[in-house]
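Breakdown of the fold
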Amino acid sequence: MANPHYASLSGMPLPPTSSTSSSDKLETISNYDTEPTPSYFDKSYSYDKYMAEFPRAPGSPSNSSQVELLSQFADSNSHQNLEQLQSATGFGAGLVCLCAETLVGYPFIVLRRQCQVNMWCKAADLSPYLMLKAIYQIQKRQGVPALWKGFTCHMMMEGLQLTTDSCISHVTQLPKELPSFSEGLTRTMGYVTLKTVSTIATLPILSAVLLDTVQSESARAESATPMSCLKDAIYRFTGSGSSYQYRLLLPVHQLIIPTVVYTLTWDLVGHLVHSSVLKLCKMRQNSKQSDKDSRRQPNNNKLTESIWPELLAGTVHCFVADLSLLPLELIMNRLHLQGTRAIVDNVLDAQSVIPYQASYNNVQQCVEALVDSEGVPSLWKGCSALLLQYSTRFAVVHTVRILLKYINNFSDKPSLVPNDSATSLEK
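Quick look at the structure, then.

**With respect to the overall build of the protein**
Tallying secondary structure elements over the protein gives 15 helices and 2 strands in all. Counting across all 427 residues of the protein, residues that qualify as buried make up 38%. Excluding contacts between residues fewer than 6 apart, the proportion of contacts in the protein whose partners are at least 24 apart in sequence is 80%. Accessible area for the protein stands at about 24,900 Å²; split by element, carbon and sulfur atoms hold 61% of it.

As structure tokens, then:
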């Protein structure tokens, strides 16, 4: 308020003074303290009474539009949460499956390769029961690490292959994944070129890893390490080293064709089976969803349906590719290990060791000698170990599926708009 003294000096009119006395002011304050609380502060104050006293301003959104906006906001948040949960759960499930399958299935890979280079047994003698008995006898006589011999070298080779593929793809812009046939022949041939160059570059390391896998622990001078594997790969590439028989050792260039053919055929079979399994899973999910829509039932398995088909397709395509190409793998492994003086465990009794002695000049001679001396069923040596390996792998994948169903129960978040609030707004 302006000061009256300065207002009179400046010539401004003085403001009118209030006629209310101090006693009237005190009476007003006392009356205000004794007045009852307005009805809209009462807890029992209803929504209808509020809307009657304070009508909605013109141009403001209606109750139904507010409910719709809140519902859309809740749906968008729940969709984002579901996508984040799916990506995190999918990565975790894939990582768990990879680690479990690698650790649990590796002893069966060792047994399979030892069966393939065993020239004194028949395929009918290598039953799944015999494989389990051999595992027990080997770990009892040589210790548990004997079942995971060469594991570090095997993982090193897998890492080097992935690194080589990535480097070649980065430099040449060639696809490192097998493209679909609809993308054209050019990209498919680019993938074939990349895998051929990558396989040739890592071929000596593959030979050294195979030797570390089948070599018996009782006949090994020192434990296999990545450095010893690299040293053996250099010896294998140059054809030197005291542990090799020079007259029986096949040169590296004779191993290129069977190894490249096996790698490319495995990728092709795996790609076809993988896409077929995904299509079947998609068809099955669509039929289930149509049934639920006809019955007006909500879909509560979104998380499982988004992750489970990939896990199943990955396991099935590896199993079909390994099983169908088992004869080619046997021939390739025997050619790689020829002349390496490998001493392997005898899986028939799991207590003795036998040397691997072969003198093949090429792939054709290897197939003819194998069929003549051991019979046609011997081409599938190691099939029992392969079945046990993928039995454990399917068990791991099925366990992950059960966990996904358990996690899926917590993926459906409640709506951010309570039913009571929505109902009151609609009123």
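**A look at the pattern of salt bridges**
Inspection of the entire model under this criterion finds 7 salt bridges. Taking the shortest distance from any N to any O, the salt bridge between Asp 345 and Arg 141 comes out at 3.7 Å. Taken together, the positions of Asp 345 in strand S1 (residues 343–345) and Arg 141 in helix H5 (residues 128–142) put the pair 204 residues apart, joining distant regions of the chain. Given a relative accessible area of 0%, Asp 345 falls into the buried group. Exposure remark for Arg 141: the relative accessible area of 35% places this residue in the partly exposed category. Lys 381 is the salt-bridge partner of Glu 374, the closest N and O atoms lying 2.5 Å from each other. Each member of the pair Glu 374 and Lys 381 is classed as buried.

**Focus on the nonpolar core**
Nonpolar side chains in soluble globular proteins tend to end up buried together. Of all hydrophobic cores here, the largest spans 28 residues; its most connected members are Ile 205, Val 209, Cys 229, Leu 335, Leu 337, Tyr 356 and Tyr 360. At the level of secondary structure, the elements contributing two or more residues to this core comprise helix H6 (151–172), helix H8 (203–214), helix H9 (226–238) and helix H12 (326–337). The biggest single contributor to this core is H8, with 8 residues. Once you skip the residues sitting within four places of it in the chain, Leu 337 turns out to touch Val 117, Ser 207, Leu 210, Leu 211, Val 214 and Tyr 356. Cys 121, Leu 126, Ile 135 and Leu 147 belong to the second-largest nonpolar core, a separate cluster that totals 16 residues.

**Some thoughts on unusual backbone geometry**
Notably, Gln 173 is not glycine yet its phi reads approximately 60°, a positive angle. Relative to the elements of secondary structure, Gln 173 occurs in the loop between H6 and helix H7 (185–201). Taking relative accessible area as the criterion, Gln 173 reaches 62% and is therefore assigned exposed. Here Arg 341, not a glycine, exhibits a phi torsion of approximately 60°, which is positive.

**What to know about the packing of aromatic side chains**
As enumerated under the stated definition, the model contains 3 aromatic pairs in all. Between the aromatic rings of Phe 319 and Tyr 390, the centroid separation amounts to 5.3 Å while the plane-to-plane angle is 65°, which identifies the pairing as edge-to-face. Taken together, the residues Phe 319 in helix H11 (residues 302–324) and Tyr 390 in helix H14 (residues 383–408) connect sequence positions 71 residues apart. Overall, Tyr 390 belongs to the buried group, its relative accessible area being 3%. A network of ring pairs unites the aromatic residues Phe 319, Tyr 390 and Phe 394 as a single cluster.

Definitions and limits used
- Residues numbered from 1 in each chain as written.
- Predicted model: local features only at pLDDT ≥ 70, side-chain atom pairs only at ≥ 80, totals over all residues.
- Heavy atoms only, no water.
- Helix = DSSP H or I, 4+ residues; strand = E, 2+ residues; numbered from the N terminus.
- Buried < 20%, exposed > 50% of the residue type's maximum accessible area, 1.4 Å probe, protein only.
- Contact = heavy atoms within 4.5 Å.
- Areas by Shrake-Rupley, 256 points an atom, 1.4 Å probe, with all protein chains shown as cover.
- Salt bridge = Lys/Arg side-chain N within 4 Å of Asp/Glu carboxyl O.
- Core = buried A, V, L, I, M, F, W, Y, C linked by side-chain atoms within 4.5 Å.
- Phe/Tyr/Trp six-rings, centres within 6.5 Å; stacked < 30°, edge-to-face > 60°.

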